[in-house]
Amino acid sequence: MENLPSPKRIFIVLIVSGFILYLIYGVNTDTSLFLAIKPGSTHSANKGNRSTAVVRGGSSVKEPKQKDEWKLNFEEISDKQKNLKNSTDDVVLKTSKKERASQVENSKAKRRERTSQVRVDKEKYPKTVTSDPNIQLLLKENSDADDQLTDDKQSRKFLSNVKNKVVIEENKQQAKRFPSAIIIGVKKGGTRALLEILRIHPDIRASGPEIHFFDRDKNYNKGLEWYRDQMPLSRPDQITIEKTPSYFVTAGVPARVYQMSKSVKLVVIVRDPTRRAVSDYAQGLAKHPQNPPFEKMLLKYPNSKQINENWPKVRIGRYVEHYRRWLEYFPPEQFHFVSGEEIVHNPVPEVKALEKFLKIRGLIKEKNFYFNKSKGFPCFVGKLTSKGIKSEPHCLGSDKGRRHPPVRKSVLNLLQDYFRPFNEKFYDMVKRNFHWP
Ligand code: A3P
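Residues numbered from 1 in each chain as written. Predicted model: local features only at pLDDT ≥ 70, side-chain atom pairs only at ≥ 80, totals over all residues. Heavy atoms only, no water.

Colleague: Is there a simple way to explain the overall build of the chain in this structure?
Modeller: The secondary structure content of the chain amounts to 16 helices and 13 strands. Considering the chain as a whole, with its 437 residues, one finds that 38% of them fall into the buried category. Contacts spanning at least 24 positions in sequence make up 66% of the contacts within the chain whose residues lie at least 6 apart. As displayed, the chain has an accessible area near 26,900 Å², and 54% of this comes from carbon and sulfur atoms. (Helix = DSSP H or I, 4+ residues; strand = E, 2+ residues; numbered from the N terminus. Buried < 20%, exposed > 50% of the residue type's maximum accessible area, 1.4 Å probe, protein only. Contact = heavy atoms within 4.5 Å. Areas by Shrake-Rupley, 256 points an atom, 1.4 Å probe, with all protein chains shown as cover.)

Colleague: How do you make sense of the nonpolar core when you look at a structure like this?
Modeller: Buried together is how nonpolar side chains tend to be arranged in soluble globular proteins. The biggest cluster of nonpolar side chains holds 47 residues, and the ones touching the most others in it are W326 and F426. Within the residue set of this core, elements represented by two or more residues are β5 (181-185), α9 (253-260), β9 (265-270), α10 (273-287), α11 (294-298), α13 (319-327), β10 (335-339) and α16 (409-430). Per element, the largest residue contribution to this core is 9 residues, and it comes from α16. Discounting chain neighbours no more than four positions away, the residues touching F426 are V270, Y319, V320, Y323, F337, F434 and W436. Ranked by size, the runner-up nonpolar core spans 26 residues in total, among them I183, I200, I269 and F380. (Core = buried A, V, L, I, M, F, W, Y, C linked by side-chain atoms within 4.5 Å.)

Colleague: Is there a simple way to explain the sheet that holds β10 in this structure?
Modeller: Strand pairing in a sheet is mediated by backbone hydrogen bonds. Such pairs are either parallel or antiparallel. Spatial strand order, β6-β8-β5-β9-β10: 5 strands in an open sheet with parallel pairing. Lying at the two open borders of the sheet, with one neighbouring strand each, are β6 (204-206) and β10. When the angles between neighbouring strand axes are averaged without regard to direction, this sheet yields 25°. With 3 bridges joining them, β6 and strand β8 (residues 239-243) adopt parallel strand pairing. Among the inter-strand pairings, R205 is bridged to a residue of β8, identified as T240. (Pairing = 2+ DSSP bridges. Axes fitted to C-alpha atoms, helices over the stretch in contact; angles between N-to-C directions.)

Colleague: Is there a simple way to think about the environment of E328 in this case?
Modeller: Here E328 shows up in the loop between α13 and β10. Remark: the alpha-carbon pair of E328 and A255, spanning 73 residues in sequence, is separated by 8.7 Å.

Colleague: What is the right way to read the side chain of H212 from this model?
Modeller: Mapping H212 onto the fold places it in the loop between β6 and α7 (217-220). Among the polar contacts listed, one links the side chain of H212 to the side chain of D215, at a separation of 2.8 Å. Discounting chain neighbours no more than four positions away, the residues touching H212 are N219, T244, S246 and Y247. (Polar contact = N/O pair within 3.5 Å; in protein donor to acceptor, adjacent residues only side chain to side chain.)

Colleague: Would you take a moment to explain the site of the ligand for this structure?
Modeller: Neighbouring the ligand are 19 residues; T191, S279, K400, G401 and H404 lie closest to it. In the model, an oxygen atom of the ligand is placed 3.2 Å from a nitrogen or oxygen of the R271 side chain. The separation between a nitrogen atom of the ligand and a polar main-chain atom of P378 is 2.8 Å. Relative to its free-state accessible area of 560 Å², the ligand is covered by the protein chains to the extent of 96%. The site holding the ligand turns out to be the largest pocket. Looking at the shell around the ligand, the elements with two or more residues in it are α6 (191-200), α14 (342-345) and β12 (377-385). (Near = heavy atom within 4 Å. 1 Å grid on protein atoms, 1.4 Å probe; cavity = no way out; pocket = protein on both sides within 12 Å on 5 of 7 lines; lining within 4 Å. Sits in = over half its atoms within 2 Å of the grid points.)

Colleague: Explain the pattern of salt bridges here, please?
Modeller: Should the charged atoms of two oppositely charged side chains come close, the side chains can pair. Applying the stated rule across the entire model yields 16 salt bridges. Taking the shortest distance from any N to any O, the salt bridge between D229 and K176 comes out at 3.4 Å. Of this pair, D229 sits in helix α8 (residues 224-229) while K176 sits in strand β4 (residues 175-176), and the two are 53 residues apart along the sequence. Residue classification places D229 among the partly exposed residues on the basis of a relative accessible area of 47%. By sharing partners, the salt bridges in this structure join K187, R276, D280 and K313 into a single network. (Salt bridge = Lys/Arg side-chain N within 4 Å of Asp/Glu carboxyl O.)

Colleague: Please explain α10 as it appears in this structure.
Modeller: For an α-helix the count is 3.6 residues per turn, leaving residues at separations of three or four pointing the same way. Here α10 contains 15 residues, and its C-alpha end-to-end distance of 21 Å stays within 8% of the 21 Å for a straight helix at 1.5 Å per residue. When you tally the buried positions in α10, you get 11 out of 15 residues, the bulk of the element. Of the residues making up α10, those classed as buried are P273, T274, R276, A277, V278, S279, D280, Y281, A282, Q283 and G284. On its buried face, α10 sits against α11, α12 (312-315), α13 and α16. (Expected span 1.5 Å × (residues − 1).)

Colleague: Quick question: what am I supposed to make of the environment of P332 here?
Modeller: By the element assignment, P332 lies in the loop between α13 and β10. Look at P332 and you get partly exposed, because its relative accessible area is 44%. Sequence spacing of P332 and M429 is 97 residues, and the spatial spacing of their C-alpha atoms is 8.6 Å. Residues within four places of P332 in sequence aside, it is in contact with Y323 and L327.

Colleague: So what exactly am I meant to see when it comes to the packing of aromatic side chains here?
Modeller: Pairs of aromatic rings are described using the distance from one ring centre to the other and the angle between the two planes. This structure, assessed with the given rule, holds 31 aromatic pairs. Ring centres of Y323 and F335 lie 5.0 Å apart, and the angle between their planes is 85°; this geometry places the pair in the edge-to-face category. Here F335 lies in strand β10 and Y323 lies in helix α13, a separation of 12 residues in the sequence. Taken individually, Y323 and F335 each receive the classification buried, so the pair is uniform in this respect. Ring geometry for F335 and F337: centres 6.3 Å apart, planes at 10°, overall stacked. Here the two residues F335 and F337 agree in accessibility, since each one is buried. (Phe/Tyr/Trp six-rings, centres within 6.5 Å; stacked < 30°, edge-to-face > 60°.)

Colleague: I keep staring at the layout of surface pockets and nothing clicks. Help me out?
Modeller: With a probe scaled to a water molecule rolled over the atoms, the places where space remains empty come into view. The computed volume of the largest pocket comes to approximately 830 Å³. As for the largest pocket, its lining consists of 36 residues, and the residues nearest its centre are K188, G190, R271, F377 and G401. Every element with two or more residues in the lining of the largest pocket is listed here: α6, α10, α14 and β12. Sorting elements by how many residues they give to the lining of the largest pocket places α6 first, with 4 residues. Its residues placed into classes, the lining of the largest pocket shows 10 nonpolar, 12 polar and 14 charged. (Points joined across faces, edges and corners; volume = space filled by probe spheres on them. Nonpolar A, V, L, I, M, F, W, Y, C, P; charged D, E, K, R; others polar.)

Bear in mind that shape data such as this cannot, by itself, settle questions of function.
In structure tokens, the structure reads:
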């Protein structure tokens, strides 16, 4: 080369370089030739403005250089992927078709079995169960769950669950029922405390407010269905109770109660009628502070010894008179008298006797009471459930156990003397001495 003239040398160099360049770029300008691409793998080449090349199922897709070309190819890839998936699904579908057919057949057979089971349950509990929303939900669950069943074991488990649930729901069956016991009196005797104590018992369902159905024409004229509607929901194994203390002293109520039920149990909590009268007066005074003093209301004439027998606070305390009126309709066995004094000082024996009278389990115990010093009265611990005691201590409100206004001792003695003969007769009739002064 050194002997050649320089233009010739330059020419040869150019030819050789051109040939080398041709070898490199002229045959195939695609740089991907230099990439080892395996089927199914994804590579990222020349990160930056270059994108991904995807190869599936042995077919490769070259990475386009232009953006639009890239898009086009990407759609192509998606289509291929879709086709591939569909074909795979087809295979799965074909292979499991037989299996699925037998599963469907099994499921149908189980559904038939369950339907007949439910029919039996329906026959067993005709109206109540099937109209019960819980049962309806259950039956819906039953049909919803059909498709989920895959084998006999599951089916049997499901059936037994349904059966158990139906029985449980039957037990739980909630309905509003007429009371089978009523606390008919006596006002200020401790009726609220008694009701709250009974509420602790799992066998008792009690209406909260006083209903005043039998003693108020306005309510009585609404009819017995209205009365029942005032009751709480209860299960068949529970006793519904309401308390309206004015029933005991209102003429006409025994006849109306008798019309509703001849066998209803009648509970009366009685308290020393003198203290009861003061308590009753205190309640009125809390509402109407301008009321005249107790003494003025009690006596016919100021400083006399003549009692105003028509004053309701006095009239209510002649228990024997009211009881006699009730006995015209109900036998003595249907009554139970609770001591208003004992329910404060020693409630458990009183409650035990009441549980016996109501024929409910003897469940209320000492542990259900605690003495609240600041209130000066027993308070109650919780609601009993079949699982045990739910600890919800509570006392009665401030309108129960309120302070009494001062009344002269001589006036109280006078009232006690007045009530004594009525009390004696009452003790005789109810066969219990309440030892009121
Ligand atoms: P006083 O407020 O005069 O003390 P009723 O509920 O029939 O209206 O009776 C109210 C009376 O219940 C109260 O009258 C109170 O003496 C008596 N009582 C009995 N046990 C009670 C309790 N645990 N807490 C509050 N008051 C109770």
